[in-house]
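The lines below spell out each chain.
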Amino acid sequence: VMKLNPQQAPLYGDSVITVQLTEEDKVEDDVVFYLVFTGSTVQHCTSTRKINPGSLETISPGHDCCETVKVALCASREGHPVLVVAEESFQFVQDEAYDAAQFLATCAGNQQALNFTRFLDRSRPPAADVDFLDEKVALAFRHLKLPAEWNVLGADQSLTENVPRETLMHFAVRLGLLRLTWFLLQQPGGRGALSIHNNEGATPVSLALERGYQKLHQLLTEEEAREPDSWSTLSHTVHSGDYSVKYHRGLDVYMLTAEA
C-alpha cells in the first residue's frame, strides 16, 4: 500500500504529490520508482524524487477531465522486470482557480462581467493571497483549451481602439497579477489591450503606474521584459503527436502524457 498526499489535484496539475511507502517498499538506491496515472482517455507516467527512504515526491499531471483515476506505483531495477508495487486512486477536480480562469476567458469582451470584476478590487486581498491567486489562475489559464479565435479583447474585433472600455488586461493589472498579465500579453489582443482606455480614461499601463506596481509596469513597457518567476517557468513541455513530455526543473521530475 502507498499513501498519496494530497489524494486529489486540480485539472491543470502542477502541484506536488508526496508518496508515502510502506516498510517493505523502502527505497533502495538502485530502484527507480514511477507513478502511472490511468484516466479514461489519457495516461500519464511521472518520475519521482526520493525525499527519504520512506517517501517520494512527484508533480501531478494536468488532466483532460474531472474524474477518479487509477495510480500505479511501479519499481524498476536494472536487469529486472518492472513491478507494480502498489495501487491507489486519485481524483482530478475543478478548483476555484480553474473556475476563475474559465469565467475570465468567457467574459473577455463582456462589459457587464468585466465591470463586476472591478467590484473585487474594493475588497483587495492581502499580497500573499494575490501571489497565490496569480500563480494558480495563470496555471489554469494555460491549461484551458482556448478556441482558435479567442482574443483578450473578446470576439467583437470591430470595436475600434478608441472606444473606452474595460478589458481583461485592466482586470489583471488592477489586482497586480503579474503572471496572468504576462500570459495575456502573449495572447492575441494582449498588446492591443495596453492602449485601451476605460471609462475613467485609465489604460492598463497607467493603472500599473498609479498603483505603484513597478514590476508590472516594467513588464508592460520594457522591450526586454522577462517572464516573471513562477511554477510554470520551472517546467518545459515538448509535444509530439499524441504524446507530450514535460520536465519540471524545480523537482527534477519528468512526465510523459499519452492519449490512451
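Residues numbered from 1 in each chain as written. Predicted model: local features only at pLDDT ≥ 70, side-chain atom pairs only at ≥ 80, totals over all residues. Heavy atoms only, no water.

## A look at the sheet that holds strand 3 (residues 16-20)
- Overall, antiparallel pairing links the four strands, which are arranged 1-3-7-6 in an open sheet. Bordering the open sheet on either side are strand 1 (3-5) and strand 6 (49-52), each of which pairs with just one other strand. For this sheet, the mean angle separating the axes of adjacent strands, direction not counted, is 30 degrees.
- Where strand 6 and strand 7 (residues 55-59) come together, three bridges link them in antiparallel fashion. Each residue of the ladder has a partner; that of Arg-49, found in strand 7, is Glu-57. (Pairing = 2+ DSSP bridges. Helix = DSSP H or I, 4+ residues; strand = E, 2+ residues; numbered from the N terminus. Axes fitted to C-alpha atoms, helices over the stretch in contact; angles between N-to-C directions.)

## Here we look at the pattern of salt bridges
- Enumeration over the complete set of coordinates arrives at nine salt bridges.
- A salt bridge links Asp-134 to Arg-179; the shortest N-O distance between them is 3.6 Å. Placement of Asp-134 in helix 3 (residues 127-143) and of Arg-179 in helix 5 (residues 178-185) is noted, with a sequence separation of 45 residues between them.
- Classification of Asp-134 as buried rests on a relative accessible area of 3%.
- A relative accessible area of 13% places Arg-179 in the buried class.
- Of the charged contacts in the structure, one is a salt bridge between Arg-142 and Glu-227, with a shortest N-O distance of 3.0 Å. Taken together, the residues span a long stretch of sequence, with Arg-142 in helix 3 and Glu-227 in the loop between helix 7 (214-221) and strand 10 (235-240) at a distance of 85 residues. (Salt bridge = Lys/Arg side-chain N within 4 Å of Asp/Glu carboxyl O. Buried < 20%, exposed > 50% of the residue type's maximum accessible area, 1.4 Å probe, protein only.)

## A few points about a nonpolar patch on the surface
- On the surface, a nonpolar cluster with roughly 470 Å² of combined accessible area is contributed by Val-238, Tyr-243, Val-245, Tyr-254 and Leu-256.
- Sorting the residues of the nonpolar patch by element identifies strand 11 (243-248) and strand 12 (253-259) as the ones contributing at least two each.
- Relative to the helices and strands, Val-245 is located in strand 11.
- Overall, Val-245 belongs to the partly exposed group, its relative accessible area being 36%. (Patch = residues over 30% accessible without salt bridge, like charges linked within 9 Å, V, L, I, M, F, W, Y side chains within 5 Å. Areas by Shrake-Rupley, 256 points an atom, 1.4 Å probe, with all protein chains shown as cover.)

## What to know about the pairing of strand 4 (residues 31-38)
- Examined bridge by bridge, strand 4 and strand 8 (residues 67-77) share eight bridges and lie antiparallel to one another. The residue of strand 8 that forms the bridge with Val-31 is Arg-77.
- As judged from the five bridges shared by strand 4 and strand 5 (residues 42-47), these two strands associate in the antiparallel manner. From the neighbouring strand, Thr-38 faces strand 5, where its bridge partner is Gln-43.

## Some thoughts on the domain arrangement of the protein chain
- One can read the domain layout of the protein chain as domain 1 (3-93 + 235-259) and domain 2 (96-226).
- Taking only C-alpha atoms into account, the centre of domain 1 sits 34 Å from that of domain 2.
- Regarding the contact of domain 1 and domain 2, the summed buried area is about 550 Å², with carbon and sulfur atoms giving 70% of it.
- It is Leu-11, Tyr-12 and Asp-14 that lose the most area in domain 1 upon contact with domain 2, and together they represent 83% of the buried surface on that side.
- At the boundary of domain 1 with domain 2, the tally comes to zero salt bridges.
- Between the two partners, domain 1 and domain 2, sit two residue pairs in polar contact (both at pLDDT 80 or more).
- In the side of domain 1 that touches domain 2, the residues fall into two nonpolar, two polar and one charged. (Domains from an automatic or database assignment. Buried area = accessible area lost by both parts, 1.4 Å probe. Polar contact = N/O pair within 3.5 Å; in protein donor to acceptor, adjacent residues only side chain to side chain. Nonpolar A, V, L, I, M, F, W, Y, C, P; charged D, E, K, R; others polar.)

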